[in-house]
Amino acid sequence: MRRCLSPLSGFDIMLYFISIWNCHLCIYSHPSLGTDTLIGNEANNKLYGGAGSGVKDTLTGGSGNDIFICSIESAASDISVADWILDFTPDSDKIGLEDGEVSDVAWSSASGGTKIYDTQSDNILFYLEGIDESLLDADDFVITDFV
Ligand SMILES: [Ca+2]
Ligand SMILES: [Ca+2]
Ligand SMILES: [Ca+2]
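A quick note: this is a predicted structure, and the numbers were derived from the prediction, not measured. (Residues numbered from 1 in each chain as written. Chains lettered and ligands numbered in written order. Predicted model: local features only at pLDDT ≥ 70, side-chain atom pairs only at ≥ 80, totals over all residues.)

A.B. asks: Mind showing me how you'd approach the overall build of the protein chain here?
C.D. replies: What the protein chain contains, in helices and strands, is zero helices and 13 strands. In the protein chain, the succession of helices and strands from N to C terminus is β-β-β-β-β-β-β-β-β-β-β-β-β. Counting only residues that meet the buried cut, the protein chain has 35% of its 147 residues in that class. (Helix = DSSP H or I, 4+ residues; strand = E, 2+ residues; numbered from the N terminus. Buried ≥ 20, exposed ≤ 12 C-beta atoms within 10 Å, placed from the backbone.)

Encoded structure:
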């Protein structure tokens, strides 16, 4: 079941119930090239800002075990236009890798947070605001097939 929530000043935010049984709520943008602000809720959300490189999406999961989805293909060369996660919680939330494995990425401190980048291109998949890089390990990643 797929349903449009509301057109939010040009943002195309869709609501998608993956599993009513599990009450998993998934919020993602229409896969256009727009800049999106996605905000989850208390449920376990999957948040995906859509395809496109250098289009900064801002993701907030809220409480619950959320999965923030990204792809190497859409990684950005500059942190200022990479996708940002404002409330990543290690050991609770996870980074969902659509087109790679955890061995394809690395992470390091940047701008008071942590950037997750593709080891081949150095392009940034996510910037985790306020998170120390020492808090991350391989268990914080999961392979997804969402898109
Ligand atoms: Ca987007
Ligand atoms: Ca949530
Ligand atoms: Ca969360």
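A.B. asks: Got a minute to help me understand the nonpolar core in this structure?
C.D. replies: Judged by nonpolar contacts, the single largest core of 28 residues is most densely connected at Phe68, Ile116, Ile124, Leu125 and Phe126. When residues of this core are traced back to their parent elements, those giving at least two are β5 (45-48), β7 (67-70), β8 (84-85), β9 (94-97), β10 (105-110), β11 (113-118) and β12 (124-128). A total of five residues in this core trace back to one element, the largest contributor, which is β12. The contacts of Phe126, once residues within four sequence positions are left out, are Phe68, Cys70, Ala82, Asp83, Ile85, Ile95 and Ile116. (Core = buried A, V, L, I, M, F, W, Y, C linked by C-beta atoms within 7 Å. Contact = placed C-beta atoms within 7 Å.)

A.B. asks: Sorry, what's going on with the environment of Asp78 here?
C.D. replies: On the secondary structure map, Asp78 appears in the loop between β7 and β8. Note on Asp78: 10 C-beta atoms within 10 Å, which makes it exposed. Put simply, Asp78 and Gly54 are 24 residues apart on the chain and 7.4 Å apart in space, counted from C-alpha to C-alpha.

A.B. asks: Any chance you could explain the sheet that holds β8 here in plain terms?
C.D. replies: Backbone hydrogen bonds hold the strands of a sheet together, and the pairing may be parallel or antiparallel. Strands sit in the order β4-β6-β8-β12-β11-β10 across an open sheet of six strands; the sheet is mixed. Among the strands making up the open sheet, the edge pair consists of β4 (37-39) and β10. As judged from the two bridges shared by β8 and β12, these two strands associate in the parallel manner. Bridge assignment links Ile85 to a residue of β12, and that residue is Leu128. (Pairing = 2+ DSSP bridges.)

A.B. asks: How should I be thinking about the pairing of β9 in this particular structure?
C.D. replies: In the case of a regular strand, side chains alternate between the two sheet surfaces. Here β9 shows two buried faces, one formed by Lys94 and Gly96 and the other by Ile95 and Leu97. Bridge analysis of β9 against strand β13 (residues 141-143) gives three bridges, and the strand direction is parallel. Note on β13: the bridge partner recorded for Ile95 is Phe141.

A.B. asks: Just to check I follow, could you spell out the environment of Lys56 for this structure?
C.D. replies: Among the structural elements, Lys56 can be located in the loop between β5 and β6 (58-60). The class of Lys56 is partly exposed, set by 18 C-beta atoms lying within 10 Å. Residues Lys56 and Asp83 lie 27 residues apart in sequence; the distance between their C-alpha atoms is 4.7 Å.

A.B. asks: How should the pairing of β10 be read in this particular structure?
C.D. replies: In this sheet, β11 lies alongside β10 in antiparallel orientation, the contact comprising six bridges. By the bridge assignment for β11, Trp107 is matched with Ile116.

A.B. asks: Would you mind going over the environment of Trp84 with me for this structure?
C.D. replies: Considering the arrangement of structural elements, one finds Trp84 in strand β8. C-alpha separation for the pair Trp84 and Lys115, spaced 31 residues apart in sequence, amounts to 9.1 Å. Beyond its immediate chain neighbours, meaning those up to four positions away, Trp84 contacts Lys56, Thr58, Leu59, Tyr127 and Glu129.

A.B. asks: I keep staring at the confidence of the model for the protein chain and nothing clicks. Help me out?
C.D. replies: Any region with low pLDDT has predicted coordinates that should not be read closely. For the protein chain, the average pLDDT comes to 83, and 78% of its residues sit at 70 or higher. Counted against residues more than four places away or in other chains, residues 1-24, with its pLDDT under 50, gives 35 contacts. (pLDDT = per-residue confidence, 0-100.)

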